[in-house]
Amino acid sequence: MPSDLYKTCKFCGGSSLISFEASERMLGMGGTFDYSECRDCKSVQLDQIPQNLADYYSRSGYYSFLPLVQSGFARRVFKQIRMNLLFATNAKAFEPSFGYWLKKLAPGFHSKIADVGCGNGQLLYELYASGYTDLHGFDPFMEKDQVINANLHLRKQRIEESESTFDLIMMHHAFEHMESPMETLQACFDKLNPGGKLLIRTPVTDAEIWKEKRELWVQLDAPRHLVIPSVVGFERLSKAIGFDLYEVLFDSSAFQFWGTALYEQGFTLRPNLVDELYSKEELVSLDEKALLYNKEGIGDQVCFFLTKPI
Ligand SMILES: [Zn+2]
């Protein structure tokens, strides 16, 4: 009897799943990985996590943890003025390049903020330089705990292990690397203060490029991506946990097209090939196509904005 009969969707709990195979393409390591797609909510999950999953990270540079780049005093003053202007005017011109999503969250400068899967902590550092004072990074894969300064601590642990609770928790392309979306969302819920906000940025299977190209889709990223929700699947799970999902913002880029095209042509993920494959005009039109896809809700990644009700 196929084991598929006993599997359930990690997002909606549905038991009708379609199996498909994918291989590792970013580095060209190949192999065959069994994934399942839920017939009901259309989310995708890896059936069995390979025992040597770490090998698929170590060669990719995922955890190479580039050194943190710090800003001088003058640069920090500039960044603080810019952030204050952003909140005062809401003008696009003041959006920092690291986070257009920040405007929607508009956390106070003394909010307690956590970044789950923070890597080298660069994003939190940018928030520090912009005036934020209570910043906490979590990443079990970092070498050791680091106190960057009085306002910014990085910890080699999971957020579940922290004794603090937060006003804002963020996960930037970390959610899809975690085995249990239910446990991940529950941990965020438990660690948020009432009224606190959660930002999750992840690929989604609402993507037109996924429907068209299936296992060649660059953000399927077998076997590193363990779960990829659909918007509907994510909404159901987050609701079941008690969250209010108040906004879904598609923010996909031309990467979905050229990354997938590289795989389709048998290449590994080599961004330097892009200029050979596409003219400047073609790349501009791919950017425009991505914007259109985002508007239509068929781009390949989103920002989920959630609150924990008071
Ligand atoms: Zn489902």
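In this text the structure is predicted, and so the values were computed from the model without any measurement.

Draft legend 1. Here's a closer look at the overall build of the protein chain. Each helix and strand counted, the protein chain has 10 helices and 12 strands in total. Taking 19 Å as the expected radius of gyration for a compact globule of 310 residues, we find that the protein chain reaches 20 Å, a close match to that expectation. Per element, the accessible surface of the protein chain, about 14,800 Å² overall, is 52% carbon and sulfur. Of the side chains in the protein chain, 32 bear a positive and 41 a negative charge, and the two mean positions are spaced by 4 Å.

Draft legend 2. Structural view of the sheet that holds strand β4 (residues 113-116). If you walk across this open sheet you meet the eight strands as β6-β7-β5-β4-β8-β9-β12-β11, and the pairing is mixed. Single-partner strands in this sheet number two, and they are β6 (146-149) and β11 (244-250). Mean inter-strand twist for the sheet, computed between neighbouring axes without regard to direction, equals 15°.

Draft legend 3. Up close: helix α4 (residues 122-129). Most of α4 is tucked away: seven of the eight residues are buried. Within α4, burial applies to Leu123, Leu124, Tyr125, Glu126, Leu127, Tyr128 and Ala129. Residue Gly131 follows α4 closely and has a positive phi angle near 115°.

Draft legend 4. Looking closely at the coordination of the zinc ion. The protein atoms that coordinate the zinc ion are Cys9 (SG), Cys12 (SG), Cys38 (SG) and Cys41 (SG), at distances of 2.3 to 2.4 Å. Here the zinc ion is ringed by four donor atoms whose angles at the metal span 100 to 115°, and the overall shape comes out tetrahedral. Considered as a linear motif, the donors of the zinc ion on their single chain read C-x2-C-x25-C-x2-C.

Draft legend 5. How the structure looks around the pattern of salt bridges. Under the criterion given, the structure shown has 11 salt bridges. The closest approach of N and O atoms between Lys7 and Asp47, which form a salt bridge, is 2.9 Å. Separated by 40 residues along the polypeptide, Lys7 in the segment before β1 (17-24) and Asp47 in the loop between β3 (44-46) and α1 (55-58) bring together distant segments of the chain. Owing to a relative accessible area of 30%, Asp47 belongs among the partly exposed residues under this scheme.

Draft legend 6. Inspection of the packing of aromatic side chains at higher detail. What the rule picks out here adds up to 14 aromatic pairs. A ring pair is formed by Phe20 and Trp210, whose centres lie 5.4 Å apart and whose planes are at 50°; its orientation type is tilted. With Phe20 in strand β1 and Trp210 in helix α6 (residues 208-213), the pair connects residues that are 190 residues apart, well separated along the chain. An identical accessibility class is assigned to Phe20 and Trp210; each is buried.

Draft legend 7. Region of the structure containing a nonpolar patch on the surface. Among the surface-exposed residues, Phe73, Val77, Ile81 and Leu85 lie close enough to one another that they form a single nonpolar patch of about 370 Å² accessible area. Position of Leu85 relative to the elements: it lies in helix α2 (residues 73-89). Taking the relative accessible area as the measure of exposure, Leu85 reaches 33% and is therefore partly exposed.

Draft legend 8. Local environment of the pairing of strand β12 (residues 301-307). Within β12, seven of the seven residues are buried, which leaves it mostly tucked inside the rest of the structure. With burial as the criterion, each face of β12 is covered, one bearing Gln301, Cys303, Phe305 and Thr307 and the other bearing Val302, Phe304 and Leu306. Note that strand β9 (residues 192-203) and β12 share seven bridges and pair antiparallel. Residue pairing across strands places Leu198 opposite Leu306, the latter belonging to β12. Pairing geometry for β11 and β12, over six bridges, is antiparallel. Bridge pairing links Val248 to Phe304 in β12.

How each quantity is defined
Residues numbered from 1 in each chain as written. Predicted model: local features only at pLDDT ≥ 70, side-chain atom pairs only at ≥ 80, totals over all residues. Heavy atoms only, no water. Helix = DSSP H or I, 4+ residues; strand = E, 2+ residues; numbered from the N terminus. Rg over C-alpha atoms; globule rule 2.2 N^0.38 Å. Areas by Shrake-Rupley, 256 points an atom, 1.4 Å probe, with all protein chains shown as cover. Lys, Arg positive; Asp, Glu negative; His and termini not counted. Charge placed at Lys NZ, Arg CZ, Asp CG, Glu CD. Pairing = 2+ DSSP bridges. Axes fitted to C-alpha atoms, helices over the stretch in contact; angles between N-to-C directions. Buried < 20%, exposed > 50% of the residue type's maximum accessible area, 1.4 Å probe, protein only. Donors = N, O, S within 2.8 Å, 3.2 Å for Na, K, Ca; no water. Tetrahedral: all angles 85-135°; square planar, octahedral: opposite > 155°, others 65-115°. Salt bridge = Lys/Arg side-chain N within 4 Å of Asp/Glu carboxyl O. Phe/Tyr/Trp six-rings, centres within 6.5 Å; stacked < 30°, edge-to-face > 60°. Patch = residues over 30% accessible without salt bridge, like charges linked within 9 Å, V, L, I, M, F, W, Y side chains within 5 Å.

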